[in-house]
Amino acid sequence: QVQLVESGGGLVQAGGSLRLSCAASGRTFSNYGMGWFRQAPGKEREFVAAISRGGGMTYYADSVKGRFTISRDNAKNTVYLQMNSLKPEDTAVYYCAAQRDSWRGGPADYDYWGQGTQVTVSS
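What comes next is a walk through the structure. (Residues numbered from 1 in each chain as written. Predicted model: local features only at pLDDT ≥ 70, side-chain atom pairs only at ≥ 80, totals over all residues. Heavy atoms only, no water.)

## Regarding the state of the cysteines
Counted under the stated rule, the structure contains one disulfide. Between the sulfur of C22 and that of C96 lies a disulfide, 2.1 Å long from S to S. Note on the C22 and C96 pair: the S-S dihedral is about -80°, so by sign convention the disulfide is left-handed. Of this pair, C22 sits in strand β3 (residues 18–24) while C96 sits in strand β9 (residues 92–99), and the two are 74 residues apart along the sequence. Residue classification places C22 among the buried positions, given a relative accessible area of 0%. (Disulfide = S-S within 2.5 Å. Helix = DSSP H or I, 4+ residues; strand = E, 2+ residues; numbered from the N terminus. Buried < 20%, exposed > 50% of the residue type's maximum accessible area, 1.4 Å probe, protein only.)

## A word on the environment of G66
Positionally, G66 belongs in the loop between β6 (58–60) and β7 (68–73). When the C-alpha positions of G66 and M83 are compared, they lie 9.6 Å apart, and in sequence the two are 17 residues distant.

## A short note on the pattern of salt bridges
Across all of its chains, the model carries five salt bridges by this definition. K65 is the partner of D62 in a salt bridge, and the nearest nitrogen-oxygen pair spans 3.4 Å. R100 is the salt-bridge partner of D111, the closest N and O atoms lying 3.3 Å from each other. Highlighted residues: D111 in the loop between β9 and β10 (112–113) and R100 in the loop between β9 and β10, separated in sequence by 11 residues. Among the charged side chains, a network of salt bridges with common partners joins R38, E46, R67 and D90. (Salt bridge = Lys/Arg side-chain N within 4 Å of Asp/Glu carboxyl O.)

Right, here's the structure in full:
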């Protein structure tokens, strides 16, 4: 019932910044907690950041805390991930995800997923 489309990925140098966007379908976007995950080649999909339905609560993986910021604009049906001070280890496909029951957790807790957008950080 929810379709998600990520954009904003690309190639950046270490220390640079990118802003990812996730556009969601429907007028009930605010009913869903949103999260960002990433997956590097040969590795498991890992949690990056999550935000509650109204945007009042956020949660980050330790690896990105202080560098990444998740936000949402429910009027625009969009969630963002601002990524600063990027490191080569941030290189991965980044996925936007939505869940109906809560706003944080692991991949199994999320109900809908986007197709992913590639982020590559060069050294």
